[in-house]
Every structure is written in structure tokens, then in C-alpha cells.
Amino acid sequence: MAFRHLAWLAACALVTTSCTSASYQEAAMKASDEGDQQAAIGLARKEVARFSTPDQCSRTTNKNCGTLALAYSSLAEYQILAGDRAAGESGFGNAKGALDLTDREDRASAAAMVYRDVSEAFWKMGDRKRATAVFDEGRAAGADSWLYMCSAAQAAGYGPTGSRPGS
């Protein structure tokens, strides 16, 4: 739990300052960590709604698109952990859409968190194949070193810097 909270705060610092205001994200993480995925999903939906307005993230305004991508990936993570793979995949698709609108300078960090969240959820649910595919997709999307903190990366032999031992 401490790692997830630290990672969220670091992502917020890299992506935007919007995370300094009241957020449903911390409460959602707590609910998820306590095993209440339905509560986490409800809170994550509120976080998505907060940042999905045209003045927050759109083709003309992208000041919080990275934060929206993170909110969508958290929602996807909780949905996957609740056993709703289809909803999780849909949320993951929405997260990737928000990443496309994210400032270039913030995209690698936001992508790392998005792909790490989703990969880790599949890993926890025992779907190693999908977890690894999401990890590989994140590498191809240019995610930074945060991605390499997921279980699929460790299983593939990648260290936190993205390199394999001996390479």
C-alpha cells in the first residue's frame, strides 16, 4: 500500500499539480487494499468524472490529461481485481486515449503508471500472459522506469531501470 501511495504522489508531481486538491484516489486505494473493490470502483469513477470534463482534458485543453489517464487506469485496475475483465479492458482503453492527449513531457511517466497499474492487476488475478502483454505494450509505448516496478517486469528479468541483468 505504501508503494502505491508513493507512486501515485510521484505520478501526480510529474504529471500535474491537480492532485493537491481533494481526491477520491487515496480513498479508492485504501478501499481496494482492504478488499472492497466495489467501493474502490465507485470512488475511482468519481475521480474519472472529475478530470474528464472538456476544461480538464480534451483536444483543446490537456492540462489534466495525464491525471485522467491515471484515474482511468486505477478504475481499470479495480475492475479487473473485482473480476470484471471487460470493464477493466474498457477502462484501460480510456486510459490510453487520455495518454494520447497528455503533454509529451509528461507522457512517459503517465504511461508507466497506467501500464503498471493494469499489468499488476492482471498479475494479481493470475493472468500472467495478459499481464506480460500489457507490460510489453507499455515498453513499446515509451513508458519510463516506473513501469519496471510491476511483477511482470520482474518475472521477465527486468530490473527497475528497465535493463535485464547481464545486458
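Student: How should I be thinking about the pattern of salt bridges in this particular structure?
Tutor: It is possible for side chains of opposite charge to pair when their charged atoms get near one another. Tallying each qualifying case throughout the model produces eight salt bridges. Taking the shortest distance from any N to any O, the salt bridge between arginine 50 and glutamate 47 comes out at 3.4 Å. With arginine 50 and glutamate 47 both in helix H3 (residues 37-51), this residue pair falls three residues apart, about one helical turn. Of the residues examined, arginine 50 reaches a relative accessible area of 25% and is grouped as partly exposed. With a relative accessible area of 1%, glutamate 47 lands in the buried category. Taken together, the shared-partner salt bridges connect Arg85, Glu89, Asp127 and Arg130 into one network.

Student: I tried to follow the packing of helix H2 (residues 25-33) against H3 on my own but got confused; where do I start?
Tutor: Geometrically, a packed helix pair is captured by the angle between its two axes and the distance between the axes. Between H2 and H3, the shortest axis-to-axis distance is 8 Å and the interhelical angle comes to 165°. As judged from the angle between their axes, H2 and H3 are roughly antiparallel. Of the two elements, H2 crosses H3, and the hand of that crossing is left-handed. Contact residues: H2 offers Gln25, Ala27, Ala28, Ala31 and Ser32, while H3 offers Gln37, Ala39, Ala40, Leu43, Ala44 and Glu47. Of the residues belonging to the contact of H2 with H3, the class tally is seven nonpolar, three polar and one charged.

Student: I tried to follow the nonpolar core on my own but got confused; where do I start?
Tutor: Soluble globular proteins tend to bury their nonpolar side chains together. Val114, Tyr115 and Phe135 are the most contacted members of the largest nonpolar core, which has 46 residues in total. Contributions of two or more residues to this core are made by H2, H3, helix H4 (65-81), helix H5 (85-101), helix H6 (104-124), helix H7 (128-140) and helix H8 (151-155). Per element, the largest residue contribution to this core is eleven residues, and it comes from H4. Setting aside chain neighbours within four positions, we find tyrosine 115 in contact with Phe92, Lys96, Leu99, Val134, Glu137, Gly138, Ala141 and Leu147.

Definitions and cut-offs
- Residues numbered from 1 in each chain as written.
- Predicted model: local features only at pLDDT ≥ 70, side-chain atom pairs only at ≥ 80, totals over all residues.
- Heavy atoms only, no water.
- Salt bridge = Lys/Arg side-chain N within 4 Å of Asp/Glu carboxyl O.
- Helix = DSSP H or I, 4+ residues; strand = E, 2+ residues; numbered from the N terminus.
- Buried < 20%, exposed > 50% of the residue type's maximum accessible area, 1.4 Å probe, protein only.
- Axes fitted to C-alpha atoms, helices over the stretch in contact; angles between N-to-C directions.
- Parallel < 35°, antiparallel > 145°, perpendicular 65-115°, else oblique.
- Left-handed = near helix turned anticlockwise from the far one by under 90°.
- Contact = heavy atoms within 4.5 Å.
- Nonpolar A, V, L, I, M, F, W, Y, C, P; charged D, E, K, R; others polar.
- Core = buried A, V, L, I, M, F, W, Y, C linked by side-chain atoms within 4.5 Å.

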